[in-house]
Amino acid sequence: MHNKSYKKAIVFALCLTMLTPLGSMAVSSASDSSSEAAADTSSAVDTANSEESSEAADDASSEAETDGSSEAPAEADAESSADASGEEEETTADEDVVPMLSDEEAIALETCEQVAENDNYILYCDEENERLCLYVKSSGSYWWTSPVNVAADETIVDEEKGTAMKNAQRKQIASSCAIKVGDLRQEKRTESPAPVYSNKARVSFKTETDGVAVTYKYSSEGVKLTVHYQLCDDSLYVYCDTSEIEEDNISTVDGKVLTKLQLCPYFAASPAVDIDGNETEGYMIVPDGSGAVIEYNNGKNNYPDYSQQVYGRDYTAVPLTAPRVTEQAYLPVIATVSGSSGIVAVCTDGDSNVYAKAQVSGQNKQVYNNCYFEFETRSSDSFFMSGDSSNKINVFEKDGIKTDRFGIRYYPVEAEDGEEVNYAECAEVYRNYLVNEKGLTASTADNKNDLYLDLFGGVLKQTSICGLPFDLKTEITGFEQAGDIVSELKDQGVNTFTVNYNDWTNNAIKNKISTDVKPSGTLGGNSAFEDFLSTENTTVFPSLNNFTMDSGSSGYFTLTSTAVRISNAYSRQSSYSLSFGVAQKGVSPALLSPGKYTQAFEEMIESYGDEGVNNAGFGYFSSRLVGDYTRKDPYSRNKTMNIITEQYAAAKDSIGSIIADEANAYVLPYVSDVTNVPVSSSGFNLTDYDIPFYQMVIHGYIPYSSTPINKSSNSDETFLLTIAAGSQIHYDMTYVDADVLQDTDYNDLYYTNYEGWTEMAANQYKVAQEALAAVSSYTISKYELSEDGSELTTTYSKDGASDVKVVVNKKDATVSVDGKVLDVSNCIEGGLED
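The rules behind these values
Residues numbered from 1 in each chain as written. Predicted model: local features only at pLDDT ≥ 70, side-chain atom pairs only at ≥ 80, totals over all residues. Heavy atoms only, no water. Helix = DSSP H or I, 4+ residues; strand = E, 2+ residues; numbered from the N terminus. Buried < 20%, exposed > 50% of the residue type's maximum accessible area, 1.4 Å probe, protein only. Contact = heavy atoms within 4.5 Å. Areas by Shrake-Rupley, 256 points an atom, 1.4 Å probe, with all protein chains shown as cover. Salt bridge = Lys/Arg side-chain N within 4 Å of Asp/Glu carboxyl O. Polar contact = N/O pair within 3.5 Å; in protein donor to acceptor, adjacent residues only side chain to side chain. Axes fitted to C-alpha atoms, helices over the stretch in contact; angles between N-to-C directions. Parallel < 35°, antiparallel > 145°, perpendicular 65-115°, else oblique. Left-handed = near helix turned anticlockwise from the far one by under 90°. Expected span 1.5 Å × (residues − 1). Pairing = 2+ DSSP bridges.

Engineer: I tried to follow the overall build of the protein chain on my own but got confused; where do I start?
Structural biologist: Across its full length, the protein chain carries 16 helices and 42 strands. Within the span of the protein chain, comprising 834 residues, buried residues form 53% of the whole. Counted over contacts in the protein chain with a minimum sequence separation of 6, partners at least 24 positions apart contribute 66%. Entry remark: accessible area of the protein chain is about 36700 Å², with carbon and sulfur atoms responsible for 45%.

Engineer: Is there a simple way to explain the pattern of salt bridges in this structure?
Structural biologist: Oppositely charged side chains are able to pair whenever their charged atoms sit close together. Under the definition given, this model contains 18 salt bridges. Between D788 and K811 there is a salt bridge, with its nearest N and O atoms 3.3 Å apart. Placement of D788 in the loop between β38 (779-785) and β39 (791-798) and of K811 in the loop between β40 (801-809) and β41 (814-817) is noted, with a sequence separation of 23 residues between them. For K811, a relative accessible area of 62% puts it in the exposed group. A cluster of three or more residues bridged by salt bridges with shared partners is formed by E191, K260 and E376.

Engineer: So what exactly am I meant to see when it comes to the environment of V429 here?
Structural biologist: Structurally, V429 can be placed in helix α7 (residues 423-438). Residue class for V429 comes out buried when judged on its relative accessible area of 15%. Along the primary structure V429 and V346 are separated by 83 residues, whereas in three dimensions their C-alpha atoms are 9.4 Å apart. In contact with V429, not counting residues within four places along its chain, are V344, Y411 and V413.

Engineer: I keep staring at the side chain of S797 and nothing clicks. Help me out?
Structural biologist: In this fold, S797 is placed in strand β39. A distance of 2.6 Å separates polar atoms of two side chains, one belonging to S797 and the other to S781. Side-chain polar atoms of S797 contact the side chain of D803, separated by 2.9 Å.

Engineer: Explain the packing of helix α8 (residues 479-491) against helix α10 (residues 525-533) to me, please; I cannot follow it from the model alone.
Structural biologist: Two measures define how a pair of helices packs: the angle their axes make with one another and the distance between the axes. Between α8 and α10, the least distance of the axes is 8 Å, while the angle of their chain directions is 20 degrees. Our classification of the angle between α8 and α10 gives roughly parallel. Along this stretch, α8 crosses α10, giving a crossing that reads as left-handed. In this structure, α8 uses F479, E480, A482, G483 and V486 to contact α10, whose residues at the interface are G525, A528, F529 and F532.

Engineer: So what exactly am I meant to see when it comes to α7 here?
Structural biologist: Owing to its 3.6 residues per turn, the α-helix brings residues three or four apart onto one side. Taking 1.5 Å of rise per residue, the 16 residues of α7 would be expected to cover 22 Å, and the 22 Å separating its terminal C-alpha atoms lies within 8% of that figure. For α7, the full list of buried residues reads Y423, A424, E425, C426, A427, V429, Y430, R431, Y433 and L434. Two to three positions downstream of the cap, the backbone nitrogen of A424 sits 3.0 Å from a side-chain oxygen, assigning the N-cap of α7 to N422. Two residues or fewer past α7, G439 is found with a positive phi of approximately 85 degrees.

Engineer: What am I meant to see in the sheet that holds β39 here?
Structural biologist: Within a sheet, neighbouring strands are paired by backbone hydrogen bonds and run either parallel or antiparallel to one another. In space, the 5 strands of this open sheet follow the order β38-β39-β40-β41-β42, with antiparallel pairing throughout. On the outer flanks of this sheet lie β38 and β42 (820-822), each paired with one strand and no other. Neighbour to neighbour, the strand axes of the sheet diverge by 20 degrees on average, direction disregarded.

Engineer: Which parts of the structure should I look at to understand unusual backbone geometry?
Structural biologist: Peptide bonds are mostly trans, and most non-glycine residues show a negative phi. With a phi close to 70 degrees, Y311 is a non-glycine residue in the positive phi region. Within the secondary structure, Y311 sits in the loop between β17 (306-309) and β18 (333-338). The backbone of E662 sits at a positive phi, close to 70 degrees, despite the residue not being glycine. Structurally, the position occupied by E662 is in the loop between β33 (657-661) and β34 (673-677).

In structure tokens:
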């Protein structure tokens, strides 16, 4: 017994002596390894992130997330990341003062080297600091993919605490790439709450012909991708091919998928103050509606960032409540300008699913003014289990990424006169892109000025026959009545017209898919239709809008031809209560599947040709972009956009002239007229004022009209903005009185009875004729606003001709052309005040 106790004591002592040095050795080993790693890092110039340390950090993050100890990675939010870093990080920042660098000093760093050059530009790459620079030879401008002095900038961003940016946020701003991922675990079904920046990734560089390829490995997110920076003759092209995106696990049970991608989110970002401590001056252009300007350092720190989906929302997803009423972003272009130089960024690949974004210094407790694109690599939707609004489930587009490439071209722009770059010079850059890359051609005739009319043919109206309710086709503006409206306007002094005629076939009146050019007998039949088409000095576009259908018809049945949401539900386009904004009960129109677009277009094109009609329109197809996420034959927005582009090109070749009721950028090369071009933006809080940027792009190339002036709540201002934007006058008109429209789908056309508008429309047309007809084929070369924004000056230019200046004063309600004041007293409702 004694021996057994003795043996136990000896074993215990031996174990104790063995464990003690092992613990010491572990501590010593870790310390030695850290010292060696630090020595290696200081003695060798590697990639922006040390591969070993980055990989270890990523692995640690991945393990933590797998164990459930970290719901979201530290990069989820700049401010929270900075807070998590603690006081030690702030102390380190104070002790290690980073010097401010000029562009020339940053280029001269040993870590920065030239990687490509052509006649116009030089591309530099600084691997250690994870940034590239585009140098413009003609102007000496430097454009960095991320700010040079982000680590050194001590501008106060928190006035209450008197502190500058936190180190974690500085690292994010210094990043050249950011992503978001969707967590597919059943208990999660969420997207990253904030971007994961490349400071959390393992980054490696590889020199290529004319540029660099940068690979980002986000280990904890299970995503790896390669971004190419290619120097071109006129731009820097930054793109990522889907074939070079790797996702470790896209299982719908426990996977993670890439949902958002930001390439160079801080490209050309401007700090609040420059290297000399002077406040920076400049502006950003965003494509909201007609276009809007955000001035640098505008002090709107407490408002949300600007964020808007280009080409509008995906109508396949149906919101439970009414979407916010805003203007649409029709062009995939943004710009940032400082003084006599700027950058115009054009989303050239993946524009079907991209958001334009912007923020100013002071927002999000950071000091930069920047605009950028965020690609949506997978669309998403949500639904509620068992109708319980508290049990929301998010779903993401299934399988692989459907877009082949995500790309942005950065075009430097320089003011020719050495002054500040004008908005029109930025518009010219994008117009040249459309001409050179997309085939846009000038089709506007000299001295063209039409009155644009939207006329509405027929609608279903419920009536009672023998006590039974019936929906009857009802004439709202018949073919002869349409002719009467035009005749009345001619008597008032209008010379030429462009008419977009809606709902003129039986199927169109009944809200069914209508692909046959067969005029409705309810509106007067073939003879009256042909008579109206041949009206002198009137170009009539009989349009067929097959975006939705109330019920099925031959070849288009709601069961098989309705688009399917990501949630696997049919896409029914809800109407919303004006009082509460909730979806109204009842069967809503079905959204036509993009899988049926080719069939519908081919039938329409053939029918227009058979009937000898040389003008056509296709309604919402020119401005609304949708997907169909059925498992059998899915259509992404990108695939839908390509089909629409192909079919508009075919229609142009086969029919002749195509009118677009609003127009996204991808249809512009194929249309002869664009109506409903907005003269203002949505008025987001972050923006400072509106500009007619869209009009600057297409003026002199495509004739266009404003939104309907009689639809506006402020028709006087809309008229004046229409003239300032170089737009032709546009009105909605119907023949019948407003009470006939009650309780029909034309309820919202209550303002359109022609009798109340012909005189005003004619008067405004005459002013537009005098002010704008002579410059119809000119381009807009300059646009200026007075300090208070009340005076708008538009300069028109054309090779071989003198410039023409049109000045609109909104305060005084006056219009002048090259100094000659025009009489607009009879164009303002109620007349002008003395």
